[in-house]
Structure formats: C-alpha cells, structure tokens
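Residue-level structural notes
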Amino acid sequence: RAAPLAPVPGMVPAESSKGPKGQTSKRITQEHESFELIFDMLMGIRTAVGRFTSAVMPDEMGPSEFNQSWEGDFLARGTPETPAHHQSDFKFKDYSPLVFRQLRERFGITSQDYMLSLTSEYVLVEMSTNSKSGSFFFYSADYRFVLKTCTKREAAFLMAALPPYHQHLMAHRFTLLCRFFGLHRVQHRSGKMVYFVVMGNVFPIDKPIHERYDLKGSTRNRFTTDAERADPNVVLKDLDFINARRKLQLGYDKKRRLLAQIKKDCELLERLEVTDYSVLIGVNRAASEGRKVSRGRCLFYKFGPSLGADGGACEAGAAEGALGEASGCSSCASSAHSSRAGAPACDTAPSVFGCGDGFTAVSDLRSALPPARAVAAAGACEGGDPGAGCGAAA
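Model, not experiment: these values are computed from the prediction.

With respect to the side chain of E65
- Assignment of secondary structure puts E65 in helix α2 (residues 63-66).
- Look at E65: it is buried, it has no salt bridge, and the nearest opposite charge is R101 at 11 Å.

Focus: the pairing of strand β3 (residues 69-74)
- The alternating pattern of β3 places W70, G72 and F74 on a buried face, while none of S69, E71 and D73, on the opposite face, is buried.
- Examined bridge by bridge, β3 and strand β4 (residues 90-95) share six bridges and lie antiparallel to one another. The partner of W70 across the bridge, within β4, is D94.

Description of helix α4 (residues 111-119)
- Within the sequence span of α4, burial applies to S111, Y114, M115, S117, L118 and T119. One face of α4 carries all of its buried residues, which in axial projection span an arc of 165 degrees.
- The secondary structure elements touched by the buried residues of α4 are α1 (35-52), α3 (97-106), β6 (137-140), β7 (145-150), β8 (180-188) and β9 (193-200).

As for α1
- The terminal C-alpha atoms of α1, which comprises 18 residues, lie 26 Å apart, in line with the 26 Å expected from a rise of 1.5 Å per residue.
- The buried count for α1 comes to 14 of 18 residues, which makes it a mostly enclosed element.

Observations regarding the packing of aromatic side chains
- Summed over all chains, the structure comprises eleven aromatic pairs.
- Considering the side-chain rings of F145 and F181, the 6.0 Å spacing of their centres and the 80 degrees angle between planes classify their relative orientation as edge-to-face. Placement of F145 in strand β7 and of F181 in strand β8 is noted, with a sequence separation of 36 residues between them. The same class applies to F145 and to F181, which are both buried.
- Among the aromatic residues, those joined into a cluster by ring pairs are W70, F74, F90, F92 and F196.
- Above the face of the Y114 ring, R104 is positioned so that its terminal group lies 4.3 Å from the ring centre.

About the criteria used
- Residues numbered from 1 in each chain as written.
- Predicted model: local features only at pLDDT ≥ 70, side-chain atom pairs only at ≥ 80, totals over all residues.
- Heavy atoms only, no water.
- Helix = DSSP H or I, 4+ residues; strand = E, 2+ residues; numbered from the N terminus.
- Buried < 20%, exposed > 50% of the residue type's maximum accessible area, 1.4 Å probe, protein only.
- Lys, Arg positive; Asp, Glu negative; His and termini not counted.
- Salt bridge = Lys/Arg side-chain N within 4 Å of Asp/Glu carboxyl O.
- Pairing = 2+ DSSP bridges.
- Arc of directions from axis to C-beta.
- Contact = heavy atoms within 4.5 Å.
- Expected span 1.5 Å × (residues − 1).
- Phe/Tyr/Trp six-rings, centres within 6.5 Å; stacked < 30°, edge-to-face > 60°.
- Lys NZ or Arg CZ within 6 Å of the ring centre and 35° of its normal.

This is how it looks when you write it as structure tokens:
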C-alpha cells in the first residue's frame, strides 16, 4: 500500500500568483469549487506517468500501444497501486501512455520534468476564456502546460486520429500543430466522467503577450466589440488583425519554410477531416519594454529579427522547424480537441505561433470552412514576393 500524502500538496490557503511576466492569476486551491477535480487530475497524472516512466519503449508504435490504457482505483485509504489521499474515492484512466510519452520526449520533455511542472504543488491556475465549447482550461503552476476538459466524443476522435497524428509529429519536429501530451479520464464516485487533455502552452512564459489573434481565414462576424477589447487578455479576430494593418514580416526564406510546414500540417488535418482550426498569433512588444529579447536556451524557438511595418526590429517566434532552430523563446502547441496554428504578426514586436482549435470532425458540423482556409487574413504574410499573402499560399 502506498503511503498517504502528508500534507496533501495543494492544501494551502487560496492566494494570487504571478503569471507570465507579472500577470496576476488566482491559483486553484482547496477553497475553489474545482479543487477536487484538479486534485484528481493531478494525482492521476503523477501516478500514471510515474508508472510508465521506466517502461521499455518499442522500436515502433503499433496497435497494441495505441490501444493501451491504464486504469487506477484511487481509494482514499490507498491501494497497492495508488497512494492514499484525503479526497473522495475516484478512478483515473490514462490513454495510450507510451505513445504520449514518446511525443513528450520528441519535444524534449522528460517524465520527471512533466511531473514536476504538473504535480509538484498539486495546484493549477485558472484560465479565463471566452470559449463557446463549455470546456474548462487550466494552466500548470509554472504555465508550461494547459489542461482542457473535452467531451467523450472529442476524446474518441483524438484517439482515432492518434496514429496519423503521432506519425506526423514524429516525422515533422517543426510542426505548428498543437502538441498533445496526454489524454485522461477522471471518474467521480457519483459516476460522472470528465475527459481532459494536456497540451503545451503556445506562448512563452518569460515575456508578456500584449496582443492575441485567432485567425480562421474568414471575415464573417470575425471582430471583437469595444467591450471585449477592454479586457487586456481579449483574443482578437480576423477583422481586428486586418483593421490594425498587421503584417507578418518574415523575409522570403522564412516565409517559404513557414508556408511549407503549414501546408504539410493542413494536409494532415484535411485527411483527418478536421475543419475547425485557426492561426493563433501572440505579439510581444519588446521594443516598448526597452530591453533585449531573451536569448536563453529553452523549449521555444524564434524566427530571428526581421523588420516590422515601421522598419523597427522584430523577432517573430514560431515552431522551431518551419523556420530553422534558433535560441529564444516561443512554444508551439495549443488547445485541446482542436488544432490552432499559431504564427507571428510582426510590427516592431516579437510574435509567437502555435496551432489550435482544430480537432473537430466534419461529421460534427452542419457547415464547415474548407480546410485550405486555415491560414488566411488577406495579405497577412509578406515575404520576398510583393503582395504575396499567407492566404494565397494556404
């Protein structure tokens, strides 16, 4: 029998914590209505990931690995496989543990680092979101990972898409698709089941994001209201991007490599009949902060300097490989059952790409945007060809 946790991690007074570069966020502790769900999620992850940390990886992932799962019965008194705790009994299921472990390792995340980020404190940070899906979003305490709840149908779709998705990420290290690092299920004593995924955070944790754009390649109702823009964390849309005259100033070579990677990613989404995905762009105004962009080695990558609309120095962050690996900061992964392709909008500011809001199957929609419109915002991507835009190349 595993020894009880004493004291139970996370059972500390509710407090505010400093998010990336000074943003204040409320940590979820025992006073929060979601605390028990978060505790169950994190204890389940720690136990399941630890169980498969030293497992021998096969030379090639096959049906047995994709269909593999582990289920633990987390009784409060503890069992030979699960630790004792001070919450209600629950069950936890881990899907395709070796497959997701290989994906984590593909992007330099060891099991020890993963567990340290997610379960060192048993505390998550609540993410405010205007998502229409009804899903809940949470950051890990260090903001490196995002947990998002999803429906059973969405979880089933991700499992069905996992073999080609896994193959694509293993073959294309520099993909802009969101990086899923785990799929799990928590079952409460009442019988209620909650499915959730763990993803990498698209945005860097060492600098603030001053503007966020979610571009779907459509202008119909794609704008935010004055009231919405009053929120400093608002996610802006296609018409906001166009009206702000944002451009992706990349240069010819980086533009070519970026669009080549986006094309490969979109081809996978099209094969999977995924329709709801978009480009996620984050802008950091480093120039306005009067400081250099961090050059520290981390999990993130940049394009390197280019020129913004007014000729100022700009560094656009994106997935490593589409543009070549460099030192710097900006991660590529994104939101849960969907697949958002993030990219930089450059205007004297470093910007970050990722891929998000995409794993929605055609069968779930009555009308869907063509997959080829993943990257659009007319004329948003400028390179060596005058007037050539991302939309035309996608």
